[in-house]
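Residues per chain are reported as follows:
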Amino acid sequence: MTRGFRPLLRGSTYAGALFAYCGALVSLPLLPFAALPALAWPSAPEGVRIVLTVLVWAVLIGLIGLARTTRRVLIACARRMLGVPLPDPVAESSRSTAPGADRLRTPLWLLSHVALGWAGAQSAVLLVCAGLLLPGGWAGAEAGVSVRGWSLRPEHGWQSWAAALGCLLLAAVLCLAVTGALRWLAPRLLGPSSAERLALAAERERALAERNRLAHELHDSIGHTLTAATIQAAVAGEVLGADPEAARAALRSIEESTRAALEDLDYVLGMLREEQTGTAPPRSLADLPELLDRLRHAGAVVEPELSGDFTRVRGTAARAAYRILQEGLTNALRHGAGGPIRVTVTATPDALRLSVVNRTGPGGDSATTAFPTSGHGLPGLTERVRLLHGEITAGPDGPDHWRLTARLPVRLPA
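What counts, and at which threshold
- Residue indices begin from 1 for each chain and proceed along its sequence in written order.
- A pLDDT threshold of at least 70 governs which residues receive local features in this predicted model, and a stricter bar of 80 or more applies before side-chain atom pairs are shown or counted, although totals over entire chains, interfaces and linings include all residues.
- Note that the side-chain values use all heavy atoms of the structure and ignore hydrogens as well as water.
- UniProt positions are given in the numbering used here, feature names are shortened, and annotations may be inferred rather than shown by experiment.
- Strands here are runs of E lasting at least two residues and helices are runs of H or I lasting at least four, both read from the DSSP assignment and numbered beginning at the N terminus.
- Each residue is placed in one exposure class: buried if its accessible area under a 1.4 Å probe, protein chains only, is under 20% of its type's maximum, exposed if it is over 50%, and partly exposed if it falls in between.
- Throughout, a residue-residue contact means that at least one pair of heavy atoms, one from each residue, lies within 4.5 Å.
- In these tables, accessible area is a Shrake-Rupley quantity obtained with a 1.4 Å probe, and a residue counts as shielded only by the protein chains included in the view.
- Working rule for helices: expected span equals 1.5 Å times residues minus one.
- A fitted line through C-alpha atoms represents every axis, and for helices the fit uses only the stretch in contact; the resulting angles, taken between N-to-C directions, go from 0 to 180 degrees.
- Oblique is the label for any angle not covered by the other classes, which are roughly parallel (under 35 degrees), roughly antiparallel (over 145) and roughly perpendicular (65 to 115).
- Amino acids outside the nonpolar list (Ala, Val, Leu, Ile, Met, Phe, Trp, Tyr, Cys, Pro) and the charged list (Asp, Glu, Lys, Arg) are all regarded as polar, and Gly is one of them.
- A pairing counts as a salt bridge when a side-chain nitrogen of Lys or Arg comes within 4 Å of a carboxyl oxygen of Asp or Glu.
- Crossings are assigned a handedness: left-handed for a near helix turned anticlockwise from the far helix by less than a right angle, right-handed for a clockwise turn.
- For this analysis, a nonpolar core means a set of buried residues of the types Ala, Val, Leu, Ile, Met, Phe, Trp, Tyr and Cys, connected via side-chain atoms within 4.5 Å.
- Patch members must show over 30% relative accessible area and no salt bridge, and they are joined within 9 Å when carrying like charges or within 5 Å when they are nonpolar side chains of Val, Leu, Ile, Met, Phe, Trp or Tyr.
- Two strands pair if DSSP finds at least two bridges between them.
- Every residue carries a pLDDT, the predictor's confidence in it, which falls somewhere between 0 and 100.

The name recorded for the protein in an unreviewed UniProt entry is histidine kinase, from Streptomyces murinus. Reading the Catalytic activity (unreviewed entry) entry of the UniProt record for the protein gives the comment "ATP + protein L-histidine = ADP + protein N-phospho-L-histidine."

Structure, rendered in structure tokens:
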């Protein structure tokens with residue numbers, strides 16, 4: 001079978017034509033209402049009354065197309081009957097930003113749908129009837145073509161069979177043409193407009209940015225808690241017999257840190273499920289002393305150097321600073337080779353400077369312990385700092401130390 005005849009045999013072609021013909025039939029109940037103005041004007045010429053009826057009919061069909069429910073139904077039917085990949089209609093909040101002319105696309109589609117349906121249905125019925133009646137001359141049917149005095153009328157026999165076959169093929173081609181026209185119109189009139197596409201892209205970008213932020217929050221919180229809890233559990237097991245009080249202190253620290261991590265986890269999961277959640281647990285520089293205490297309970301020696309009124313740093317900068325220090329301290333616990341961890345926080349009128357320095361293994365290797373890593377820590381910090389237009393560096397500091405430094409531009413309130 002040649003490729004040219006394949007479209008004529010596709011089921012979707014005739015499903016699309018059926019979709020057009022059904023659209024024409026659905027509009028039929030509106031015709032009596034459209035004829036009322038013409039009936040009220042009996043003195044008008046017949047041609048004027050017909051035109052008036054058609055215009056009123058078109059207006060009624062267009063008014064139905066303005067309903068949002070109509071658009072949803074048409075999109076669902078076009079997807080199923082025409083096989084066109086149309087997205088669902090955008091939310092009303094996104095559509096409100098689109099020009100008012102975009103709302104006319106659905107009535108225009110509905111009018112085109114009905115016009116194609118009526119033209120195709122009437123022509124198809126005529127051609128099919130001719131194809132069925134001509135071969136045997138049933139019902140006295142005859143075929144003929146007349147152009148400027150020249151006429152051709154097939155006689156009964158092979159000519160009538162050829163004419164019948166031609167009529168049936170024309171009916172099939174007509175179905176193909178109607179379906180092709182609807183498929184071409186559907187993305188342009190039922191698909192999202194340019195303004196709606198921009199609104200959808202902006203919405204997807206906001207959702208992606210929020211998910212990335214939540215992923216960073218979850219990584220920082222859970223990663224730090226698991227690292228600290230693992231070390232604290234090991235410390236509690238070692239001193240349980242010799243120093244029960246120290247073991248109890250380590251267990252209390254595990255309880256506090258895991259409770260805070262569960263709050264973060266519940267918040268993040270609620271956001272990912274698009275549920276209504278409470279305010280995210282506030283994590284800022286005001287929580288830094290608690291963070292340092294948890295590290296001390298884990299057996300780490302922390303040497304903080306705090307200068308400036310950093311408690312006045314609020315908002316995004318304060319939250320980002322806390323997470324940067326948390327990730328730096330977590331890496332120091334994971335990969336450090338013992339010794340004190342120096343934490344420096346300096347607040348100036350125009351910037352907040354953070355630094356975490358820890359001892360490393362031989363050759364400055366900061367990843368010599370058995371803790372597994374995901375590799376997302378430093379890239380996540382880099383993205384945080386970049387979004388705040390800050391600077392961050394991480395690398396060896398001398399032969400046996402590792403340093404993480406960050407500078408965040410801030411504007412302290414007066």
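Having seen the structure, we can now continue with the description.
Student: Before we move on, can you summarise the overall build of the protein with the specific residues and values?
Tutor: Looking only at helices and strands, the protein features 14 helices and seven strands. Evaluated residue by residue, the protein yields a buried proportion of 37% over its 414 residues. Expressed as a percentage of contacts within the protein between residues at least 6 apart in sequence, the contacts between residues at least 24 apart total 72%. Accessible surface, the protein as shown: approximately 23300 Å² in total, 63% of it carbon and sulfur.

Student: Any chance you could break down helix α13 (residues 315-335) for me, citing the residues and the numbers?
Tutor: If you check α13, its first and last C-alpha atoms are 31 Å apart, about what 21 residues at 1.5 Å a residue would give, namely 30 Å. Taking burial as the measure, the 21 residues of α13 include 18 buried ones, the bulk of the element.

Student: Which residues make up the packing of helix α12 (residues 288-297) against α13, and what values do they have?
Tutor: Closest axis-to-axis distance for the α12/α13 pair is 11 Å, and the angle between their directions is 10 degrees. As judged from the angle between their axes, α12 and α13 are roughly parallel. Packed against α12, whose contacting residues are Leu-288, Leu-291, Leu-292, Arg-294 and Leu-295, the element α13 presents Tyr-322, Leu-325, Gln-326, Leu-329 and Leu-333 at the interface. Classifying every residue of the contact of α12 with α13 gives eight nonpolar, one polar and one charged.

Student: How would you explain the pattern of salt bridges if you had to name every residue and give the values?
Tutor: Evaluation of the coordinates by the stated rule reveals two salt bridges. Where Asp-400 meets Arg-359, a salt bridge forms, and the shortest distance between an N and an O atom there is 3.3 Å. Pair noted here: Asp-400 is in the loop between β6 (391-396) and β7 (401-409) and Arg-359 is in strand β5 (residues 351-359), with a separation of 41 residues, a long-range link. A relative accessible area of 37% places Arg-359 in the partly exposed class.

Student: Can you break down the packing of helix α6 (residues 68-82) against helix α8 (residues 105-133) residue by residue, with the values?
Tutor: Axis separation between α6 and α8 bottoms out at 11 Å; the angle between their running directions is 50 degrees. Taken together, α6 and α8 sit at an angle that is classed as oblique. The crossing of α6 and α8 is left-handed. Judged by residue contacts, Thr-70, Arg-71, Leu-74 and Leu-82 of α6 engage Arg-105, Thr-106, Trp-109 and Leu-110 from α8.

Student: Quick one: what's the story with the nonpolar core, residue by residue and with numbers?
Tutor: In this structure, Leu-325, Leu-329, Val-343, Val-345 and Leu-352 are the most contacted members of the largest nonpolar core, which totals 32 residues. Going through the elements one at a time, α12, α13, β4 (341-347), β5, α14 (377-387) and β7 are the ones with two or more residues in this core. The element that contributes the greatest number of residues to this core is α13, accounting for ten residues. With residues up to four places along the chain from it excluded, the contact list for Val-345 reads Leu-288, Glu-305, Leu-306, Ser-307, Phe-310, Leu-325, Leu-352, Arg-353 and Leu-354. Of all hydrophobic cores here, the second largest spans 25 residues; its members include Leu-74, Ala-124, Val-178 and Leu-185.

Student: Could you give an account of a nonpolar patch on the surface, naming the residues involved and the relevant values?
Tutor: Where nonpolar side chains cluster on the molecular surface, the patch consists of Val-59, Leu-63, Leu-66 and Leu-104 and spans about 360 Å² of accessible area. Residue placement: Leu-66 occurs in the loop between α5 (46-65) and α6. Owing to a relative accessible area of 34%, Leu-66 belongs among the partly exposed residues under this scheme.

Student: Tell me about the sheet that holds strand β3 (residues 302-307), and name the residues and values.
Tutor: The five strands lie next to each other as β3-β4-β5-β7-β6, forming an open sheet whose pairing is mixed. Both edges of this open sheet fall to β3 and β6, since each of them pairs with a single strand only. Averaged over all adjacent pairs, the angle separating strand axes in this sheet is 5 degrees, with direction ignored. Here β5 runs beside β7; their pairing, made up of nine bridges, is antiparallel.

Student: Before we move on, can you summarise the confidence of the model for the protein with the specific residues and values?
Tutor: Averaged over all residues, the pLDDT of the protein is 76; the fraction at 70 or higher stands at 73%. Least confident of the elements in the protein is strand β1 (residues 145-147), whose mean pLDDT is 46; most confident is β4, at 90. In the model, residues 93-99 has pLDDT below 50 throughout and makes ten contacts with residues more than four positions away in sequence or in other chains. Contacts of residues 363-374 to residues separated by more than four positions or lying in other chains number 23 contacts, the stretch itself having pLDDT below 50.

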